[in-house]
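Chain and residue survey
One-letter residues, chain by chain:
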Amino acid sequence: MSKKSMSPEILVEKFDPLKESDEEWKRFHEYRRKKHMEVNPNDPVSSDASVKNSVQQNVQNPEFGIHLLSIIDKKTNKQVGDALQGLILEASPSYEGTKHLIQFDIFLLSSYRRKGIGSRLLKQVYDFAIEHNKTLLVTDSSDEDGKAFLKAIGAQVALSGVDNRLQLSDVDWDMIESWAKEGPKRSAGTILDIVQKIPDEILEEYCKVYTEVTNQQPLGELDVGAIVFTPDSYRTMEEMFEKMNRTWITIIAKEPNGKISGLTEMRYNPERKTMISQILTGVQQDYRGRGIGKWLKAAMLLYVREKYPEINIVTTGNATTNKPMLSINDRLGFKVHKETVNAQITVDQLTNYFNSL
Ligand SMILES: CC(C)(COP(=O)(O)OP(=O)(O)OC[C@H]1O[C@@H](n2cnc3c(N)ncnc32)[C@H](O)[C@@H]1OP(=O)(O)O)[C@@H](O)C(=O)NCCC(=O)NCCS
């Protein structure tokens, strides 16, 4: 039997989170729960109301345009996949460095794979990229089928990474406490501030440091320019997370002269109450080698243990080339959960791929 005749009849529909009816949301939630069971079955599942709110907040981001597609099996009228096409908007301070690309993500429930549906969706993403005058498509995957698909279409693996997880019950708390005690000894005069909103008086300086540290992370071969944060764009992100009912905890290291020397941040979604995400940790170049990175990480873990006793897993993502961060994370006890790739392919390469089919 040819691949085509085996293939279920599929409908690709636009999904507009601000306009969909209750029935369409019901179909979406049924699908995203199945997707959750395939991707991370042991993780907590968020409620329908909270997911709907998050998706609605995401598509209202004034700096990043998100266009969603639902993949429907015509016979059962069930959703079996989804796709995201994202593009930076002119309002974003990162527009210059990223205006040439489309970010995309395609997912199919496993029984709908290897039937040519992924390639059909990719063609739609490609048409979307051309329509918006983009030259590059970027995506990421931690799924073996997804990685094989990206290889087959000729995408370049531009950055390899790991989704790391730390089980708090495995943590050597004596070591963490000793890192926290060593910090102020090795870096005399430095103080740590724990905040859930960056104070107005330091926001401008904080955004400069945050931009610098963000762009110091290894990006491998990814053809992506500078990511820039301004006080306005930072407040926009804070407001978005607040509307999603998430908590954004930041610890800022400050020097006796008032300068910010480092930071670490975690984000918490109370719907997934046993897990928390470690985001960026960075120490300014001039202040490295004084134990501030370890002190920040230790202070954050001690804070999380005290304030959120239900949390037992910290998740984070690291590039495999990020040796300093991996060295700290290894000592903390982080273990590889999944291996990830960030991949890219140009519109021209995709033209050749589709012409060769
Ligand atoms: C990526 C994904 C959408 C592909 O969908 P799909 O419908 O299975 O893809 P196609 O059937 O169109 O496959 C196209 C080609 O990719 C290659 N390919 C896809 N999956 C493969 C696998 N598991 N092993 C080897 N090759 C594979 C094959 O060459 C295939 O052509 P062929 O079947 O004629 O040999 C699907 O694997 C998925 O949902 N993965 C999880 C999400 C993800 O990681 N997405 C990647 C980032 S967008």
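Counting restarts for each chain: residues are numbered from 1 in the order of the written sequence. Per-residue local features are limited, in this predicted model, to residues with pLDDT of at least 70; the limit for side-chain atom pairs, both in listing and counting, is 80 or more; totals at the level of whole chains, interfaces and linings are taken over all residues. Computation of side-chain values: all heavy atoms of the structure, hydrogens and water removed.

Here we take up the domain arrangement of the protein. Size of an interface, as often reported, equals the accessible area lost when the parts are brought together. Each domain's extent is set by a domain assignment, obtained either automatically or from a database. According to the domain assignment, the protein consists of domain 1 (3-134) and domain 2 (163-340). A quick way to say it: buried area is the sum, across both parts, of accessible area lost when two parts are put together, with a 1.4 Å probe. At the boundary of domain 1 with domain 2, total buried surface from both sides reaches about 1600 Å², with 49% on carbon and sulfur atoms. One speaks of a salt bridge when a side-chain nitrogen belonging to Lys or Arg is within 4 Å of a carboxyl oxygen belonging to Asp or Glu. The interface formed by domain 1 and domain 2 contains two salt bridges. Ionic pairing is found between Arg272 and Asp43, a salt bridge with its closest N-O pair at 3.9 Å. The term polar contact refers here to a pair of N or O atoms within 3.5 Å; inside protein, the definition further demands a hydrogen-donor-capable atom paired with an acceptor-capable atom, and it admits residues adjacent in sequence only when both atoms are side-chain atoms. Summed over the shared surface of domain 1 and domain 2, the number is ten residue pairs in polar contact (both at pLDDT 80 or more). Strands are runs of DSSP state E lasting at least two residues, helices are runs of H or I lasting at least four, and both sets are numbered from the N terminus onward. Residue assignment for the side of domain 1 that touches domain 2 shows that the elements contributing at least two residues are helix H2 (22-39), helix H3 (48-58) and helix H4 (95-98). Looking at the side of domain 1 that touches domain 2, the element that brings in the most residues is H3, giving five residues.

For our purposes a nonpolar core is just a set of buried Ala, Val, Leu, Ile, Met, Phe, Trp, Tyr and Cys residues, chained together by side-chain atoms within 4.5 Å. Each residue gets one of three labels from its accessible area relative to the maximum for its type: buried under 20%, exposed over 50%, partly exposed in between, using a 1.4 Å probe on protein chains only. In this structure, Leu168, Ile176, Ile276, Leu301, Val314 and Leu332 are the most contacted members of the largest nonpolar core, which totals 33 residues. Of all the secondary structure elements, the ones that give two or more residues to this core are helix H7 (173-186), strand E8 (247-254), strand E9 (260-268), strand E10 (275-283), helix H10 (292-307) and helix H11 (323-332). Per-element accounting of this core gives the leading share, ten residues, to H10. Contacts were defined at the residue level, with two residues in contact if any of their heavy atoms lie within 4.5 Å. With near-sequence residues (within four places) excluded, Val314 lies in contact with Asn164, Arg165, Leu166, Leu168, Met266, Ile276, Gln278, Leu301 and Phe334.

In this section: the sheet that holds strand E4 (residues 101-108). Pairing between strands requires that DSSP locate at least two bridges from one strand to the other. Here we have twelve strands laid out as an open sheet, ordered E1-E2-E3-E4-E5-E12-E6-E11-E10-E9-E8-E7, and mixed in their pairing. Edge positions in the open sheet fall to strand E1 (10-15) and strand E7 (191-195), since each of these has one partner strand only. Between one strand axis and the next, the sheet turns by 20° as a mean value, whatever way the strands run. Of the strands in this sheet, strand E5 (136-141) and strand E12 (335-346) are in contact with helix H6 (residues 144-153), which crosses E12 at around 25°. Each axis is a line fitted through C-alpha atoms, taken for helices only over the stretch in contact, and angles between the N-to-C directions span 0 to 180 degrees. Strands E8 and E9 of the sheet are contacted by helix H9 (residues 231-243), whose axis makes an angle of about 140° with E8.

Looking now at the site of the ligand. With respect to spatial proximity, 22 residues lie near the ligand, and among them Arg114, Gly118, Ser119, Ser141 and Asp145 are the closest. Between Arg113 and the ligand, the recorded distance is 3.4 Å, taken from a side-chain N or O atom to an oxygen atom. Ser119 is positioned with one of its side-chain polar atoms (N or O) 2.5 Å from an oxygen atom of the ligand. Summarising the interface, the protein chains cover 81% of the accessible area of the ligand, which totals 910 Å² for the free molecule. Counted by class, the shell around the ligand contains eight nonpolar, six polar and eight charged residues. Nearness is defined per residue: one heavy atom within 4 Å of the molecule or strand is enough. For every accessible area listed, the method is Shrake-Rupley and the probe measures 1.4 Å; residues are considered covered only by the protein chains on display. Residue polarity is assigned by list, with Asp, Glu, Lys and Arg as charged and Ala, Val, Leu, Ile, Met, Phe, Trp, Tyr, Cys and Pro as nonpolar; anything else, Gly included, falls into the polar class.

Let's shift gears to H6. Within the sequence span of H6, burial applies to Gly146, Lys147, Leu150 and Ile153. Down the axis of H6, the sector holding all buried residues measures 130°, keeping them to one side. Residues of H6 that are exposed and point more than 90 degrees away from the buried face comprise Glu144, Lys151 and Ala152. For H6, the elements touching its buried residues are helix H5 (117-131), E5, E12 and helix H12 (347-356). Between the side-chain oxygen of the N-cap and the backbone nitrogen of Asp145 there are 2.9 Å, and the N-cap of H6 in question is Asp143. Backbone geometry just downstream of H6 places Gly154 in the positive-phi region, at approximately 90°. Starting at the helix axis, one direction is taken to each C-beta atom, and the arc is that of these directions.

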